[in-house]
Amino acid sequence: MMRVAVLCLAAVATTASARDSLGVFNNWGAFRDAKPQRCFAIAEPLRSPSGQWRPFASIAHWPGARVRSQLHIRLSREKRGDASVTLAIDDRRFSLSGSGGDVWAADARTDAAIVAAIRSGRTMSVATVSAKGNAFADSYALRGAATAIDAAALGCVPRR
């Protein structure tokens, strides 16, 4: 719970625009930004080495771009350029792509499958090879993820 509180404070402190907290749900937090309008559920890995940046996994909604439930993972280390990236949620596996320290699903269909797996999963890990050639994995607890994803989705529903 303390890690999420620290993450929540960091998320609020990293932007000059208004960011609303939509709630903290075990290891996951949900937030809404006004401009550009986006809502997201976010968590830090269970263990995070100190490095250039803070790693996270997020599921975001961008109403203005008509994007829903888009996965974005910031790895704890920069990945080697040609290294494959595998996301494991319990016994399901997904290939991700990206460069540097950021990876995503290939398309909206894969995002939907990943979010469905997250909703029913217990643990998630993302594994690849670092720019220095060392294999590594970032692991996440999924308790609270489904509620945070729902809070983020509701946070970006147009108000009437």
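Scroll up to find the structure this text is about.
The sections below set out a description of the structure shown in this document. Keep in mind that this is a model prediction, so the values were computed, not measured.

Side note on the overall build of the protein
Secondary structure assignment for the protein yields 3 helices and 10 strands. Within the protein, the fraction of its 160 residues that count as buried is 42%. The contacts of the protein with a sequence gap of at least 6 include a subset with a gap of at least 24, amounting to 51%. In the form shown here, the protein has an accessible surface area of approximately 8,800 Å², with 52% of it arising from carbon and sulfur atoms.

Comments concerning the nonpolar core
Here is a general trend for soluble globular proteins: nonpolar side chains tend to be buried in one another's company. Membership of the largest hydrophobic core comes to 29 residues, with the highest contact counts inside it found for I73, L87, I89, L96, I114 and I118. Here I114 is in contact with L71, L87, I89, F94, L96 and A105, once residues within four sequence places are set aside. One finds F31, F40, I42 and A60 within the second-largest nonpolar core, a separate group that totals 5 residues.

Comments concerning the packing of helix 2 (residues 108-120) against helix 3 (residues 145-155)
At a minimum axis distance of 7 Å, the contact between helix 2 and helix 3 shows a crossing angle of 130°. Taken together, the axes of helix 2 and helix 3 are oblique relative to one another. Listed contacts from helix 3 to V115, I118 and R119 of helix 2 are A145, A146, I149 and D150.

A few points about the side chain of D102
Within the secondary structure, D102 sits in strand 8 (residues 102-104). Reaching out from D102, the side chain makes a polar contact with the side chain of H72 at a distance of 2.9 Å. With residues up to four places along the chain from it excluded, the contact list for D102 reads H72, I73, R74 and S97.

The rules behind these values
Residues numbered from 1 in each chain as written. Predicted model: local features only at pLDDT ≥ 70, side-chain atom pairs only at ≥ 80, totals over all residues. Heavy atoms only, no water. Helix = DSSP H or I, 4+ residues; strand = E, 2+ residues; numbered from the N terminus. Buried < 20%, exposed > 50% of the residue type's maximum accessible area, 1.4 Å probe, protein only. Contact = heavy atoms within 4.5 Å. Areas by Shrake-Rupley, 256 points an atom, 1.4 Å probe, with all protein chains shown as cover. Core = buried A, V, L, I, M, F, W, Y, C linked by side-chain atoms within 4.5 Å. Axes fitted to C-alpha atoms, helices over the stretch in contact; angles between N-to-C directions. Parallel < 35°, antiparallel > 145°, perpendicular 65-115°, else oblique. Polar contact = N/O pair within 3.5 Å; in protein donor to acceptor, adjacent residues only side chain to side chain.

By themselves these figures say nothing about function.
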